[in-house]
Amino acid sequence: MSHPSNAAENLASDLRGKKQEWPPRCNTYFIPINEICNHVRNEAVRKVLHEAHPELDGRGLRSVTKHICTETPKLFAILLLCGSNQIFCPNILDIINSHVTDEDLPLMRVYYSGSTEYTLGKRKHKSCRREHEGECGIRALSSWRRHHIQDLSREQWLPLAPVFKSYPNRIKHHILDDSTIMPYIEDQENEEGGIREGGYGEVWGVKIHPAHQDLFSLSDSSVPMIAVKRLYSRKSEDFEKENDMLSKLSLKKDPHLIKLLATYKLKNKYHFLFPYAKFNLRMYWAKNSLLEWKKTKVLWALEQLLGLASALHVIHEFRTAYPLGSDRTDLEVSRRRPSMNFRMNVVKEEEIFGRHGDLKPENILWLDNLEGFGPTGILQITDLGLGRFHRLESRSHQDPTTIDGSPTYVPPELVLERLVSRAYDIWSFGCIFLEFITWMLDGNTGIQDFADARLAVAHDTIVDDLFYTVYYSGSEKFATVRPRVTEWIQKLRRHRRYSKMIRDLLDLVENRMLQVDTADRVRSGELKSILNEIVQRAKSSSAYLLG
């Protein structure tokens, strides 16, 4: 073997100086891919080869240099990091002559028969079924000592942090080795309060090194925060169901639907990447306590309602590969409120169509600074996977003592034990729309007052804030819009900010959305058309918009 050269030592030292730690304080590092590209260049590689292998003539030197820079820059960096400060410099030419390239990374352990000792083989060895695994090892490593093999096995992960790229017609799924170092430069997972827990997964924010993602960019060119959602379930079928709907809907590029950026599997857990939202709609209402009553502000709010309706129509027109069948209420809600323990039975003809099933302000996100939208931001529907109706869940996954079993935005057909359909979402949307109109007129205080006004003792003696009331006629159950909801709508009609635009929105909610009979509810396509007419009229008439 040849001895280390000054050029090799200098290049290895430069690369080590670019290491970044992840997770924090865990002594594991990655070298960003742009630093590999910047340092493993023709001139630097040629110097290393010339000093380490003086037997190469000019033509051979140029050929090997070109091969390294185009086919094996990561492998070359790994060998330098392992060997330049050891008693030997790895025989780079032997490795190259073994036809090993960056496509063969990471190198896999190849155990000798009946032994715990191993050499290293190409990545494809992971699926090898040969009886004598030792035959799969890279021959150029056969003379390496055990601790040098171990060094190579460990150090190879430095330049192998994944790169997440966007593709025009697909969402890429990355299957990562358990030893993968993620290219995060900011990570909220282990921060106090950094994780938000839901019924099916947990979400936290990360910043990916700019060289390791081109998934999306911000209008101010800063490094974007990305949301990581990790499923609780490790079942591949659960991942496939959620991924199928999310990826296909994302490819429709509706601006008011959350966009799935990429997915990955790490340590047998499934992860989804999305743009990170500072607030959900409920938080946005609280942060912006009263809407400024001028054309640009009110028109933005109105356009968001249209955008959300358009996104819902995309969901409702989506034909799923996984029929959306029945589902049961969340066990914790059922335990605390037995009257809600129902199986949601779906209209047979509706099973092939997309539905959300859990529309509420917490599942509508406000994102700002996205390219093309700027600081005013945009509202997007999220949490629309799993290929079926979402279970009724408690409001607080973190604190079971606060669970009150009140599924505020769920329509009456659930309690009435009637078949459910896409109209399920229209009722939930009607509840959200009425709260949104309340915020437009009275701010967040108005939303709180409206919730308090709806509080009533329900048919099962539980105090809730539903938008409907159940009553019995003999042994049969019926439902009606809660009187306080109707009274609230009438109160809004008398508001000082009342305009013809508000009138039309309230008429739409009262007459076409909050209807107990699902046949009387507007369909998503018509809802979109009605709102579009309201928006167009508002754009041409400030008097119509503002009063």
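Residues numbered from 1 in each chain as written. Predicted model: local features only at pLDDT ≥ 70, side-chain atom pairs only at ≥ 80, totals over all residues. Heavy atoms only, no water.

As for the environment of Arg-497
So the rule is basically this: Runs of E in the DSSP output that reach at least two residues are strands. Runs of H or I that reach at least four are helices, and both are numbered from the N terminus. Contacts were defined at the residue level, with two residues in contact if any of their heavy atoms lie within 4.5 Å. In protein, a polar contact requires one atom able to donate a hydrogen and another able to accept it; more generally it is a pair of N or O atoms within 3.5 Å, and residues adjacent in sequence count only if both atoms are side-chain atoms.
Structurally, the position occupied by Arg-497 is in the loop between α13 (483-493) and α14 (500-513). Residues contacting Arg-497, with those up to four places away along its chain left out, are Leu-290, Leu-291, Glu-292, Trp-293, Met-440, Leu-441, Ile-502 and Leu-546. Polar side-chain contacts of Arg-497 include one of 2.9 Å to the backbone oxygen of Leu-291. A distance of 2.8 Å separates a polar side-chain atom of Arg-497 from the backbone oxygen of Met-440.

Some words on empty space enclosed by the protein
Test applied: Buriedness of a pocket was judged along seven lines, with at least five required to meet protein on both sides within 12 Å; pockets are open sets of points on a 1 Å grid over the protein atoms alone, cavities are sets where a 1.4 Å probe fits but cannot get out, and lining residues have an atom within 4 Å of a point. Grid points are joined across faces, edges and corners, and a volume is the space filled by probe spheres set on the points. Each residue gets one label: Ala, Val, Leu, Ile, Met, Phe, Trp, Tyr, Cys and Pro are nonpolar, Asp, Glu, Lys and Arg are charged, and the others, such as Gly, are polar.
In total, this model carries five cavities of 30 Å³ or more according to the counting rule given. By volume, the largest cavity is sized at about 50 Å³. Residue composition of the lining of the largest cavity, by class: five nonpolar, two polar and two charged.

Observations concerning the side chain of His-209
By secondary structure assignment, the location of His-209 is in the loop between β8 (201-208) and β9 (225-231). Residues contacting His-209, with those up to four places away along its chain left out, are Gln-20, Phe-30, Pro-32, Asn-34, Pro-183 and Ile-185.

Description of the layout of surface pockets
The gaps of empty space that remain are located by a probe, the size of a water molecule, rolled over the atoms. In this structure, the second largest pocket occupies an estimated 860 Å³ of space. Considering the residues around the second largest pocket, the lining is formed by 29 residues, among which Lys-74, Leu-105, Pro-106, Arg-123 and Leu-160 are closest to the centre.

Concerning the packing of aromatic side chains
Quick reminder of the rule: Ring pairs shown here join Phe, Tyr and Trp side chains whose ring centres sit within 6.5 Å, with only the six-membered ring taken for Trp; geometry is labelled stacked below 30 degrees between planes, edge-to-face above 60, and tilted in between. Three exposure classes are used, based on accessible area relative to the maximum for each residue type with a 1.4 Å probe and protein chains only: buried under 20%, partly exposed in between, and exposed over 50%.
Within the structure shown, the criterion is met by 18 aromatic pairs. Summarising the aromatic geometry, the rings of Phe-450 and Phe-467 are spaced 5.5 Å apart at their centres and angled 85 degrees between planes, so their arrangement reads as edge-to-face. Here Phe-450 is found in helix α12 (residues 423-454), whereas its partner Phe-467 is found in the loop between β18 (463-464) and β19 (468-473), with 17 residues between them in sequence. Classification of Phe-450 by relative accessible area gives buried; the value is 0%.

Focus: the packing of helix α1 (residues 6-16) against helix α3 (residues 42-52)
How we decide: Where helices are involved, their axes are fitted lines through C-alpha atoms of the stretch in contact, as for all axes, and angles between N-to-C directions lie from 0 to 180°. Oblique is the label for every angle not falling under 35 degrees (roughly parallel), over 145 degrees (roughly antiparallel), or within 65 to 115 degrees (roughly perpendicular).
Relative to each other, α1 and α3 sit at 140 degrees, their axes nearing to 7 Å. Classified by the angle between their axes, α1 and α3 sit oblique to one another. Counting all contacts with α1, which are made through Asn-6, Ala-7, Ala-8 and Leu-11, the residues of α3 involved are Ala-44, Lys-47, Val-48 and Glu-51. Among the residues forming the contact of α1 with α3, the class breakdown is five nonpolar, one polar and two charged.

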